Amino acid sequence: MKLLPGLLRREELLRKLEQSGRITSRQHEKARSKSSGQSSAIEQIASFDLDDNANPGKKLTSRVLSSWLADQLDMEYVHIDPLKVDVESISTIMSFEYAKRYHLLPLTVNDTTVRIATSEPMVTGWEDTIEQVTRRSIEKVISTPEDIDRYSLEFYALNRSVTGASGKNHSAVGNFEQLVELGKMSSPDANDEHIVNIVDWLFQYAFEQRASDIHIEPRRDYSHIRFRIDGILHTVYQMPIQVGLAVVSRIKILGRMNIAEKRKPLDGRVKTKTHEGIEIELRLSTLPTAFGEKLVMRIFDPEVLLKSFDQLGLTDEDLKNWKGMIKQPNGIILVTGPTGSGKTTTLYSTLKSLATSEVNVCTIEDPIEMVEPLFNQMQIQANIDLNFADGVKALMRQDPDIIMIGEIRDLETAQMAIQAALTGHLVLSTVHTNDAPSAITRLLDLGVPGYLIKSTVLGVMAQRLVRTLCPHCKKSTTVDDRTWEQLVKPWSARKPAKIFDVAGCLTCRNTGFLGRAGVYESFVIDEALANLIHDGCDPHTLRREAIRKGMLSLRLSGARKVASGLTTPAEVMRVTPDARGI
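Presented here is a report on the structure given in the accompanying data block.

The rules behind each value
- Residues numbered from 1 in each chain as written.
- Predicted model: local features only at pLDDT ≥ 70, side-chain atom pairs only at ≥ 80, totals over all residues.
- Heavy atoms only, no water.
- Phe/Tyr/Trp six-rings, centres within 6.5 Å; stacked < 30°, edge-to-face > 60°.
- Helix = DSSP H or I, 4+ residues; strand = E, 2+ residues; numbered from the N terminus.
- Buried < 20%, exposed > 50% of the residue type's maximum accessible area, 1.4 Å probe, protein only.
- Lys NZ or Arg CZ within 6 Å of the ring centre and 35° of its normal.
- Pairing = 2+ DSSP bridges.
- Polar contact = N/O pair within 3.5 Å; in protein donor to acceptor, adjacent residues only side chain to side chain.
- Contact = heavy atoms within 4.5 Å.
- Core = buried A, V, L, I, M, F, W, Y, C linked by side-chain atoms within 4.5 Å.

### Thoughts on the packing of aromatic side chains
Alright, step 1. Considering all chains together, one arrives at 9 aromatic pairs under this definition.
Alright, step 2. With 5.5 Å between their ring centres and 65° between their planes, Tyr-205 and Phe-227 make a pair best called edge-to-face. Here Tyr-205, found in helix 9 (residues 193-208), pairs with Phe-227, found in strand 5 (residues 222-229); they are 22 residues apart in sequence, far enough to count as distant.
Alright, step 3. For Tyr-205, a relative accessible area of 1% puts it in the buried group.
Alright, step 4. Through a chain of ring-to-ring contacts, three or more aromatic side chains come together here, namely Tyr-151, Phe-155, Trp-201, Tyr-205, Phe-227 and Tyr-237.
Alright, step 5. The ring of Phe-96 carries Arg-160 above its face, with NZ or CZ at 5.6 Å from the centroid.
Alright, step 6. When the ring centre of Phe-500 is taken as reference, the NZ or CZ atom of Lys-474 above it lies at 4.6 Å.

### Description of the pairing of strand 3 (residues 137-142)
Alright, step 1. Examined bridge by bridge, strand 2 (residues 113-118) and strand 3 share 6 bridges and lie parallel to one another. When the bridges of strand 3 are listed, Ile-116 appears paired with Lys-140.

### Comments concerning unusual backbone geometry
Alright, step 1. Positive phi is not limited to glycine here, since Asp-316 has a value of about 50°.
Alright, step 2. On the basis of relative accessibility, which here comes to 54%, the residue Asp-316 falls in the exposed class.
Alright, step 3. In this structure, Asp-399 is a non-glycine residue whose phi angle is positive, near 55°.
Alright, step 4. With respect to the helices and strands, Asp-399 occurs in the loop between helix 14 (388-395) and strand 13 (402-405).

### Some points on the side chain of Thr-468
Alright, step 1. Within the fold, Thr-468 resides in strand 15 (residues 457-469).
Alright, step 2. By relative accessible area, which is 12% here, Thr-468 ends up buried.
Alright, step 3. Polar side-chain contacts of Thr-468 include one of 2.8 Å to the backbone oxygen of Leu-514.
Alright, step 4. Beyond its immediate stretch of four places on either side in the chain, Thr-468 contacts Gly-512, Phe-513, Leu-514, Gly-515, Arg-516, Ala-517 and Leu-566.

### Description of the nonpolar core
Alright, step 1. Ile-214, Phe-227, Ile-251, Leu-282 and Met-297 are the most contacted members of the largest nonpolar core, which has 62 residues in total.
Alright, step 2. For this core, the leading source of residues is helix 9, giving 9 residues.
Alright, step 3. With residues up to four places along the chain from it excluded, the contact list for Phe-227 reads Leu-83, Leu-202, Tyr-205, Ala-206, Gln-209, Ala-211, Asp-213, Ile-214, Ile-232, Leu-233, His-234 and Val-236.
Alright, step 4. Membership of the second largest hydrophobic core comes to 57 residues, among which are Phe-388, Ala-439, Ile-440 and Leu-542.

Purely spatial values, then, with no claim about function.
Below, the structure is given as structure tokens:
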């Protein structure tokens, strides 16, 4: 193909880099003597691994060079965040062949403007054409050649698959508004090559973006795809409803679920690999809605089992209390918190640390979250009347040392857990309460006698997950007295002279946060607290006594993470309950 006029030339860029002091004349000569490949001038220079004289210790990477070029041309440099690209609209702006020829990628489009990234800013002649076709003004920005090439290939391929799948006559079974048309439609072809490509892209995209959950949500005309990243949902794509339903059917096949059953919720699991060869497990859950099946996939990274207690966020007294509880030979340890607060990770990491060749670790779960060879795992089966209580009864005959019960949700399960603890087993389980002392009153509400709770429950740990500040861009600031008082009230804790706040950078996609850590509230039952446990006891009384004996609340535990620079006051107050009633 004939080279376009205006393409960046390596020699010209090297000369300008030397003039601006980014490289020396010696570096210039050395780079000029190297053979050139078929890649762009930016990519060629980046491959030389040149030191950046303006930033000692740094290299002239493709990103650095593209940013420098943008400054030279008084243009904006943009690091392409794939979550913010208007993927559905790019093919309406220009064809893949056109984008590839001119080294372009449409990023966003609104009623008046199209934002287009280019890696060859000196190539012109396409702007007027796009303005005429779209009837919108052009906002041109610079991005790296690698990002433009990669995402152009990826997103246009996705659009081709969605368009190809849309041409098929997929069924809309389950959409209440379209039931009258069922006779005109064929069954979904979940094995269509376009649907297979979409599902493959969806999985890899979620892994790359560090998603913990994938949501496919049917609406009247479209299926929305959303990823949960660091606890927050992001919309990443929307596709025609019939394509979305076929994608759900494809994933149900992979999860060995009944593809014909669309009237009731189903569960399944899929095990796959990332591009790096890391095995990833996904737990699937469907829900019938007004417009079809909604599918949520929880992504489980096996590396979470390798996390130490420090990495989970357990520090100081909470770590000491937790280690003290799990070292006991028998008794019940409860973990409490809402869905998505990290209870499963805490339990699995704990079981992994306890599972030696000398002990028998058994679990009963609904469903099995992560398959771990060191445990003997059993899943409850409601269709054959195998529930938690029956499972624990069966496990008791398997000579266990440690038993993990997925959740205590009824009196029968609670009674079996207590029976296991009384007969010399260590039992770990979860309940759903707002704080640690409330777990005791929850057991009382289920009908467990207070004297049995006193003699079996070792302690309770409540937890939440807070987003941690991005270490690459967090900025120092101060906290005002009122905010600090809200954070630690009613306790007195010295206000730090400096805390950190969100800033935003490329690494954290300008959110200011990167990853999550746990905040904990450990409630260890000693003799004084045990004397307060009786039928009808008040959780506030238990809480006040626990705090008097040194228990840190979830919010105060979060305040310590604020003081250490890990998160912000607003983030802690967002996820932790206040201290009412203390």
